[in-house]
Amino acid sequence: MRSEVTASVAAEHRTVSRVMSIIEAVAASEPRGLKLGEMADALDAPKSSVHGLAKGLVALGYLRETDVRYLTGPAIPLLMPTDTDAWRQRVVTEQLTVLRDKWNETAMAGILAGDSVVYLQSVESSHTLRASVPLNTRVQLWPGSSGKCLLAAMPVKRLENYFKRIGVEGDERTDAMEELAQVKKQGFALNLGGTAIGMFGVASPIVLPNKPITQTIAVTGPEARRSGQLAALASDVYEAAQVIARAG
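Let me begin by describing the structure that accompanies this report. In this convention, every chain numbers its residues from 1, walking through the sequence in written order. Residues qualify for local features only when their pLDDT is at least 70, as the model is predicted, and side-chain atom pairs are given and counted only at 80 or more; totals for whole chains, interfaces and linings, by contrast, use all residues. As a convention, hydrogens and water are excluded, and side-chain values are obtained from all of the structure's heavy atoms.

Helix and strand assignments come from DSSP, with helices taken as H or I runs of at least 4 residues and strands as E runs of at least 2, each series counted from the N terminus. Scanning the protein chain from N- to C-terminus turns up nine helices and eight strands. Counting the 248 residues in the protein chain, one finds 42% classified as buried. By the convention used here, residues are in contact when the closest approach between their heavy atoms is within 4.5 Å. Here the analysis covers contacts within the protein chain between residues at least 6 apart in sequence; of these, 56% occur between residues at least 24 apart. Counting only carbon and sulfur atoms, one obtains 54% of the accessible surface of the protein chain, whose full area is about 13,600 Å². A gap of 2 Å separates the mean positions of the 27 positive and 26 negative side-chain charges of the protein chain. Only protein chains enter the accessibility calculation, which uses a 1.4 Å probe; a residue is then buried when its area is under 20% of its type maximum, exposed when over 50%, and partly exposed in between. Per-residue accessibility takes into account occlusion by the displayed protein chains alone, with areas from the Shrake-Rupley method and a 1.4 Å probe. Under the counting rule used here, the positive set is Lys and Arg, the negative set is Asp and Glu, and His together with the chain ends is not counted. For charged residues, the charge sits on one atom: NZ in Lys, CZ in Arg, CG in Asp, CD in Glu.

This part covers helix α8 (residues 170-186). Residue count minus one, scaled by 1.5 Å, sets the expected span of a helix. Given a rise of 1.5 Å per residue, 17 residues ought to cover 24 Å, and the 25 Å separating the end C-alpha atoms of α8 matches this to within 8%. Regarding α8, the residues found buried are Arg 173, Ala 176, Leu 180 and Val 183. In an axial view of α8, the angular spread of the buried residues amounts to 75°, which keeps them on one side of the axis. Relative to its buried face, α8 has exposed residues pointing more than 90 degrees away, namely Asp 171, Glu 178 and Lys 185. The inward-facing, buried residues of α8 contact α6 (145-152), α7 (156-166) and β6 (189-192). Gly 187 occupies a position one or two residues after α8 and carries a positive phi of about 85°. It is the directions from the helix axis to the C-beta atoms that the arc portrays.

Turning our eyes to something else, we now look at the sheet that holds strand β4 (residues 116-123). Only strands that DSSP links by at least two bridges are regarded as paired with each other. A sheet is described by the order of its strands in space; here six strands give the open sequence β5-β4-β3-β8-β7-β6, paired in antiparallel fashion. Every interior strand has two partners, whereas the edge strands, β5 (138-140) and β6, have only one. Going from strand to strand, the sheet's axes swing by 35° on average, the running direction of each strand aside. The sheet contact formed by β4 and β5 spans three bridges and is antiparallel. The residue of β5 that forms the bridge with Val 117 is Val 139. Fitting a line to C-alpha atoms yields each axis, with helices limited to the stretch in contact; the angle taken between N-to-C directions then spans 0 to 180 degrees. Of the strands in this sheet, β6, β7 (199-206) and β8 (215-222) touch helix α9 (residues 230-247), which is tilted by about 30° from β7.

A few words on the packing of α7 against α8. Direction vectors running N to C along α7 and α8 enclose 140°, while the axes themselves pass 11 Å from each other. Regarding the angle of α7 to α8, the classification is oblique. Crossing hand, α7 versus α8: right-handed. Together, Val 156, Leu 159, Glu 160, Phe 163 and Lys 164 of α7 and Arg 173, Ala 176, Met 177 and Leu 180 of α8 make up the contact between the two elements. Under the scheme applied here, ten amino acids are nonpolar (Ala, Val, Leu, Ile, Met, Phe, Trp, Tyr, Cys and Pro), four are charged (Asp, Glu, Lys and Arg), and all others, including Gly, are polar. Taken together, the residues that form the contact of α7 with α8 break down as six nonpolar, no polar and three charged. For classification, angles of less than 35 degrees are called roughly parallel, those exceeding 145 degrees roughly antiparallel, those between 65 and 115 degrees roughly perpendicular, and all remaining angles oblique. Crossing handedness follows the turn of the near helix against the far one: under a right angle anticlockwise gives a left-handed crossing, and clockwise gives a right-handed one.

Side-chain rings of Phe, Tyr and Trp, where Trp is taken by its six-membered ring, are said to pair if the distance between their centres is within 6.5 Å; with planes under 30 degrees apart they count as stacked, over 60 as edge-to-face, and otherwise as tilted. If you walk through the whole model with that rule in mind, you get two aromatic pairs. With centroids separated by 5.4 Å and ring planes inclined at 90°, the aromatic side chains of Trp 142 and Phe 163 adopt a geometry described as edge-to-face. Taken together, the residues span a long stretch of sequence, with Trp 142 in the loop between β5 and α6 and Phe 163 in helix α7 at a distance of 21 residues. Each member of the pair Trp 142 and Phe 163 is classed as buried. With 5.8 Å between their ring centres and 55° between their planes, Tyr 162 and Phe 163 make a pair best called tilted. Take Tyr 162: its relative accessible area is 2%, and that puts it in the buried class.

Bear in mind that shape data such as this cannot, by itself, settle questions of function.
Right under this line is the structure:
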């Protein structure tokens, strides 16, 4: 008996088409960006439909919204890295390796994606007891060290809305806002047991000229192994972030 397999014919899906058309239209409008009405006109679609899709893309980090305009977001390089992104990735790998070799703790690089951080690269410690970082997985920003760096760079209104969504209120929010102000001032963030008991995280933002802060470099491991050494480690992580930024 001979079985026959009928190939399915690809058909256009309206929602998929609109989502990709939004990304393409916004990318083509850079660096000015598009207002919602301009986006709706470009797609020949109702504002209400476009608005919901655009907000969804902002939440996932594929778009960002500023001054009532939409621009491409930090998650776009996850889809198609440019030559510049590839070059910076090599420099990031070099700096992660430098940090791991000096401190023998897991070093990692993350990128902002909506309300999450996604770790794209890591170089693990050789210790049996070490941090193992899940790559290409969305991780909540607060209270991780990389997340604190990214939150510290956000506009206050967006930051307040974020804390409201995750239920950080009252004195806890006041303390968090004060900590983030200090993170922004000093250029690095600490997380001591906030995401995993007995573990530390030290992170610094990668600050590129005329671009929003969307990338971090961090080191993580057991607190007990680095007691009294976190200041020196933070200094090295900060310097690694500066090297990567200069390579951009």
